[in-house]
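Overview (structure and organization)
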Amino acid sequence: MDIHIRKEGQAGRITLQRPKALNALTYQMCLDIEAALDDWRDDSDVSLVIIDAEGDKAFCAGGDIQKLYDTASAGDHDYGRQFWRDEYRLNEKIFNYPKPYIAFMQGFTMGGGVGVSCHGSHRIVCENSQIAMPECGIGLVPDVGGSLILARAPGRLGEYLGTTGERMDAGNAIYAGFADSFIPRDDWPALIEKLANSGDVGAIERAARPAPSPSLQGKQAEIDHHFAWEAVTDILDSLNRDGSEFAQNTIATLRKKSPISVCCTPIIVQRVRTGNTIERALKEEFQFTFRAAEHGDFVEGIKGTIIDRSHTPVWTRPDLESVTEADVERMLKPLNTEQL
């Protein structure tokens, strides 16, 4: 089984069980999680929900994109669009869930994994946690509601993390708003047992320890200065005027990503910052993902970085400077009611 859903004590328990696949989320797993949350919403026997995963390497390294790639590369864009509709609906339910939703995030938590954990009310990280939104590298934009977390991050950190996909350790994840509590991994089994038996989320605060110092805090001033712009060409100009190692490394990172994805991401983050709701975030993201395979770089991004592992995808635009306002508008223009 890919997922184990059950009730234990006062807890609804969800455990991802694909450790060899880094617990990547399949379409069915998303539907199963949603069904469980619907069942437990009004179940008086369930005081809280706990989601965790087997293995040490990853809580969930993202969505299982093989079928998304197979269908899109064959010209079928409807499968992916329906997958994202259903996944985003789950993300919204987790964000607005009326009961405590507690996520234990060891190892890699990325993309779709962020969507089923970082919208919870209590988000726990440990010594090896690595959280990121790396979607620009595969021709998408930070999605699954992640644009809202990015929009709420300190300063312009959201634009930086969203475009570069930088991985955050426990301290940085807490600083950026992707996690709440640092608890050593060895303490998790006893804490989970206590939560299930008592239904008392206060046990989390009592188990928490001081988090590692966030290195991103030391970069905050530089990030705020360079990423204050909406247009990526302006961000590049600012970085190019700075001869620092940080600036040059950031430029190199941005140039490895899908140009159209990188150019759309700051706009999405800034729109979501204005709207500041999960619903606005998912709507803005879906406008891009709806078109990502047909008009963007999604198929090529998956092929180049995951399927044949060449890491040399041929993007629809050769570089960031080649992306036009019309390109961005085509990817981000509002969808009609039927498309949504």
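Conventions we followed
Counting of residues starts from 1 at the beginning of each chain's written sequence and follows it residue by residue. Only residues with pLDDT of at least 70 are given local features in this predicted model, and only at 80 or more are side-chain atom pairs given and counted; all residues enter the totals for whole chains, interfaces and linings. Note that water and hydrogens are dropped before the side-chain values are worked out from all heavy atoms of the structure. Paired strands, as defined in this entry, are two strands with at least two bridges between them according to DSSP. Secondary structure elements follow DSSP: runs of H or I of four or more residues count as helices, runs of E of two or more count as strands, with numbering from the N terminus. To get an axis, a line is fitted to the C-alpha atoms, and for a helix only the part in contact is used. The angle between two axes follows their N-to-C directions and goes from 0 to 180 degrees. The contact rule is simple, with two residues in contact once any of their heavy atoms fall within 4.5 Å. Residues adjacent in sequence count toward polar contacts only when both atoms are side-chain atoms; beyond that, a polar contact is any pair of N or O atoms within 3.5 Å, and within protein one must be able to donate a hydrogen and the other to accept it. A cavity here means a set of points on a 1 Å grid, drawn over the protein atoms and nothing else, where a 1.4 Å probe fits but cannot get out; a pocket is an open set with protein on both sides within 12 Å along at least five of seven lines, and a residue lines either one if it has an atom within 4 Å of a point. Grid points are joined across faces, edges and corners, and a volume is the space filled by probe spheres set on the points. Each residue gets one label: Ala, Val, Leu, Ile, Met, Phe, Trp, Tyr, Cys and Pro are nonpolar, Asp, Glu, Lys and Arg are charged, and the others, such as Gly, are polar. We call a set of buried residues a nonpolar core when its members are Ala, Val, Leu, Ile, Met, Phe, Trp, Tyr or Cys and they connect through side-chain atoms within 4.5 Å of each other. Accessible area is worked out with a 1.4 Å probe on protein chains only. A residue is then buried under 20% of its type maximum, exposed over 50%, and partly exposed in between. Working definition: rings of Phe, Tyr and Trp (its six-membered ring) pair if their centres are within 6.5 Å, and the pair is stacked with planes under 30 degrees apart, edge-to-face with planes over 60 apart, and tilted otherwise. Our definition puts a charge over a ring when NZ of Lys or CZ of Arg is within 6 Å of the ring centre and also within 35 degrees of the ring normal.

Re the sheet that holds strand β6 (residues 108–110)
The three strands are arranged β4-β6-β8 in an open sheet whose pairing can be described as parallel. Of all the strands in the sheet, the pair left with one neighbour each is β4 (58–60) and β8 (130–132). Each neighbouring strand pair of the sheet contributes to a mean axis angle of 15°, computed without reference to strand direction. As paired strands, β4 and β6 are joined by two bridges and run parallel to one another. The residue of β6 that forms the bridge with A58 is F108.

Quick word on the environment of S129
Note on placement: S129 falls in the loop between β7 (122–125) and β8. Here the alpha-carbon distance between S129 and G9, two residues 120 residues apart in the chain, equals 28 Å. Sequence-distant contacts of S129, defined by excluding residues within four places in its chain, comprise M105, Q106, G107, M168, D169 and A170. Polar side-chain contacts of S129 include one of 2.6 Å to the backbone oxygen of M105. At a separation of 2.8 Å, a polar atom in the side chain of S129 contacts the main-chain amide nitrogen of C126.

Digging into the layout of surface pockets
In this structure, the largest pocket occupies an estimated 1200 Å³ of space. When contributions to the lining of the largest pocket are tallied by element, the ones reaching two or more residues are α2 (66–73), α3 (78–95), β6 and α15 (298–307). No other element matches α15, which puts four residues into the lining of the largest pocket. Partitioning the lining of the largest pocket into residue classes produces 20 nonpolar, ten polar and eleven charged. The volume enclosed by the second largest pocket comes to roughly 200 Å³. If you go around the second largest pocket, the residues you meet are E230, A231, V232, T233, C263, I267, L320, V323, T324, E325 and V328. Listing elements by their share of the lining of the second largest pocket, those giving two or more residues are α11 (232–240), α13 (259–275) and α16 (325–332). Here the residues of the lining of the second largest pocket are counted per class, giving seven nonpolar, two polar and two charged.

Some points on empty space enclosed by the protein
The full count for this structure, using the stated rule, is two cavities of 30 Å³ or more. By volume, the largest cavity amounts to about 80 Å³. Contributions of two or more residues to the lining of the largest cavity are made by α2, α3 and α14 (278–292). In terms of residues, the lining of the largest cavity owes the most to one element, α14, which gives four residues. Looking at the lining of the largest cavity residue by residue, the class counts come to seven nonpolar, three polar and four charged. Roughly 40 Å³ of volume is contained in the second largest cavity. Taken together, I260, H295, T316, R317, D327, R330 and M331 form the lining of the second largest cavity.

Here's the deal with the environment of A211
Turning to its location among the elements, A211 is positioned in the loop between α9 (202–207) and α10 (215–226). The spatial distance from the C-alpha of A211 to the C-alpha of T289 is 35 Å, given a sequence separation of 78 residues.

Comments concerning the pairing of strand β1 (residues 3–8)
Note that β1 and strand β2 (residues 11–16) share six bridges and pair antiparallel. The residue of β2 that forms the bridge with E8 is A11. Hairpin connection of β1 to β2: two residues between the antiparallel strands, including G9 at a positive phi of 60°.

Some points on the nonpolar core
I14, L16, I33, L37, V116 and F178 are the most contacted members of the largest nonpolar core, which totals 92 residues. No other element matches the eight residues that α13 contributes to this core. Formed by 16 residues, the second largest nonpolar core is a distinct cluster that contains I50, F104, I124 and A196.

Overview of the packing of aromatic side chains
As enumerated under the stated definition, the model contains eight aromatic pairs in all. Ring centres 5.2 Å apart and planes at 80° place the aromatic pair Y27 and F83 in the edge-to-face group. Note that Y27 is positioned in helix α1 (residues 27–41) and F83 in helix α3, a separation of 56 residues in sequence. The pair Y27 / F83 is uniform in exposure class, with both members buried. Judged by centre distance (5.1 Å) and plane angle (65°), the ring pair of F104 and W188 falls under edge-to-face. Separated by 84 residues along the polypeptide, F104 in strand β5 (residues 101–105) and W188 in helix α8 (residues 188–198) bring together distant segments of the chain. Each member of the pair F104 and W188 is classed as buried. The structure contains a cluster of three or more aromatic residues connected by ring pairs, namely Y27, Y79 and F83. Stacked on the ring of F290, the Lys or Arg R81 has its end atom at 3.9 Å from the ring centre.

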